[in-house]
Amino acid sequence: MVNTMGRRFCLSLIFWERDITMVSVNSNKVVVVGTGQVGSTTAFSIITQGLCNELILIDPAQSKAMGECRDLDDGSEFLNRHVKVRVGDYSDCGDADVVVITAGRRPPKNADRMGELQFTLGIIGDITDGIMSSGFDGVIVVVSNPVDVISWYVWKRSGLSRTQVLGTGTALDTSRLKTIIGEETGLDPRNVGGFVMGEHGNSQFVPWSAVSLGGKPFAQFLADNRNRFSSVSTDDLESKTRDRGNVIKDAKGGTNFGIASTVAGIVQTILWDERRIVPVSTLLDGEYGEHDVFLGVPTELRANGANEIVELTLTDEEQAKLHHSAQIVRSYCEGLL
């Protein structure tokens, strides 16, 4: 009896081992370039959500990157998933699925995002060359400001396809808009549908014709609830959305939590092939009547990056605002190469 049971146990063990050898492990890897306030908070968001198997931090100040890695690692005991995190260099980008570029500096007080262009360009070229020298063939997510101009520059310099380079665009601005509408109405911001479009900057705009609340067109929602929300106006909401970043910067010196959550959401959508529509900065090649410019527009994200642009039916006024935003971004791109 004992021998028989032993034989059965051995037989099942053999089959179990055979099954294990047939399993393929799906491992994914993310690289974050820049470990400043935005880069380190982005890394924290990625790790706490367990979005990848391995996270690499790259920074010229290797001691800073090492400190961030050890600090991130120290909380692994209390996370739902362990993400291997370490300091690396550009050779680590070769087999990465996503590289996030956050390099830059905190803008001086009262400076707009475009004011950082010349400083940021001085390091973005080297970063792009370093990434591409590794044989990288994944998706680059640009966070560095001015994000629309820098995204265009990275796309041009890298030689990657249009789907493989995208910027965070107006994704954060869209989340801000929904948050502000939630604050004004007392409703969950996730009930709001719609997007902020154009430049991640002063020329951004809200196509109110495509904004809804609880499935109802937003203008109709306000009209039906005028006695409750008589003080709410779309102009004020749009202005507050545009100024939100400056308000936060004046209060605490910069922004990091909102953009880090935004980047983590974009990374998750790409790694998990969620095919979610997010207003990222992507190349327009005929869409909305624009060419050779990166702007924040609703885009289907999937494993290959910025896949398909969703063309909303804009009013003539909204279309004019988009063209104006494109002209501003394009004027800063001229001569960069």
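Residues numbered from 1 in each chain as written. Predicted model: local features only at pLDDT ≥ 70, side-chain atom pairs only at ≥ 80, totals over all residues. Heavy atoms only, no water.

A word on the nonpolar core. Soluble globular proteins tend to pack their nonpolar side chains together in the buried interior. Counting 44 residues, the largest nonpolar core has Val-31, Val-99, Ile-131, Phe-136, Ile-140, Met-197 and Tyr-288 as its most contacted members. It is helix α5 (residues 147–158) that provides the largest number of residues to this core, a total of seven residues. Among the domains, domain 1 (29–167) and domain 2 (170–333) are the pair contributing at least three residues each to this core. In this structure, Val-32, Val-139, Ile-270 and Val-280 belong to the second largest nonpolar core, which totals 34 residues. (Core = buried A, V, L, I, M, F, W, Y, C linked by side-chain atoms within 4.5 Å. Buried < 20%, exposed > 50% of the residue type's maximum accessible area, 1.4 Å probe, protein only. Helix = DSSP H or I, 4+ residues; strand = E, 2+ residues; numbered from the N terminus. Domains from an automatic or database assignment.)

Contact pair helix α2 (residues 37–48) / helix α9 (residues 257–271): the axes reach a minimum separation of 8 Å and the direction vectors enclose 50°. Regarding the angle of α2 to α9, the classification is oblique. When you trace α2 past α9, the crossing you get is right-handed. Contacts between α2 and α9 involve Val-38, Thr-41, Thr-42, Ser-45 and Ile-46 on the former and, on the latter, Phe-257, Ile-259, Ala-260, Ser-261, Val-263 and Ala-264. Grouping the constituent residues of the contact of α2 with α9 by class yields seven nonpolar, four polar and no charged. (Axes fitted to C-alpha atoms, helices over the stretch in contact; angles between N-to-C directions. Parallel < 35°, antiparallel > 145°, perpendicular 65-115°, else oblique. Left-handed = near helix turned anticlockwise from the far one by under 90°. Contact = heavy atoms within 4.5 Å. Nonpolar A, V, L, I, M, F, W, Y, C, P; charged D, E, K, R; others polar.)

On to the sheet that holds strand β9 (residues 216–217). Pairing in this open sheet of three strands is antiparallel, and the strands run β7-β8-β9 from one edge to the other. The sheet is open, and its two borders are formed by β7 (192–193) and β9, each paired with just one other strand. One ladder, built from two bridges, connects strand β8 (residues 212–213) with β9; its direction is antiparallel. In the sheet register, Leu-213 faces β9, and the bridge partner there is Lys-216. (Pairing = 2+ DSSP bridges.)

What follows is about the packing of aromatic side chains. To describe a pair of aromatic rings, one takes the distance between the centres and the angle between the planes. With the rule as written, the count across this model stands at four aromatic pairs. Pairing Phe-221 with Phe-229 gives two aromatic rings, centres 5.6 Å apart and planes at 25°, and the pair type is stacked. Phe-221 gets classed as buried once you look at its relative accessible area, which sits at 10%. Taken together, the aromatic side chains of Trp-208, Phe-218, Phe-221 and Phe-229 make up a single cluster linked through ring pairs. (Phe/Tyr/Trp six-rings, centres within 6.5 Å; stacked < 30°, edge-to-face > 60°.)

Tracing the backbone through its elements, the reader meets Gln-268 in helix α9. Residue classification places Gln-268 among the buried residues on the basis of a relative accessible area of 17%.

Here the UniProt-annotated "binding site: substrate" (unreviewed entry) positions come out as Arg-113, Asn-145, Pro-146, Val-147, Asp-148, Asp-173, Thr-174, Ser-175, Arg-176 and Thr-255. Summarising the element assignment, Pro-146 is placed in the loop between β5 (139–142) and α5. Within the secondary structure, Asp-173 sits in helix α6 (residues 171–185). Not counting chain neighbours up to four residues away, the residues in contact with Asp-173 comprise Val-196, His-200, Gln-204 and Thr-241. (UniProt positions renumbered as here; feature names shortened; annotations may be inferred.)

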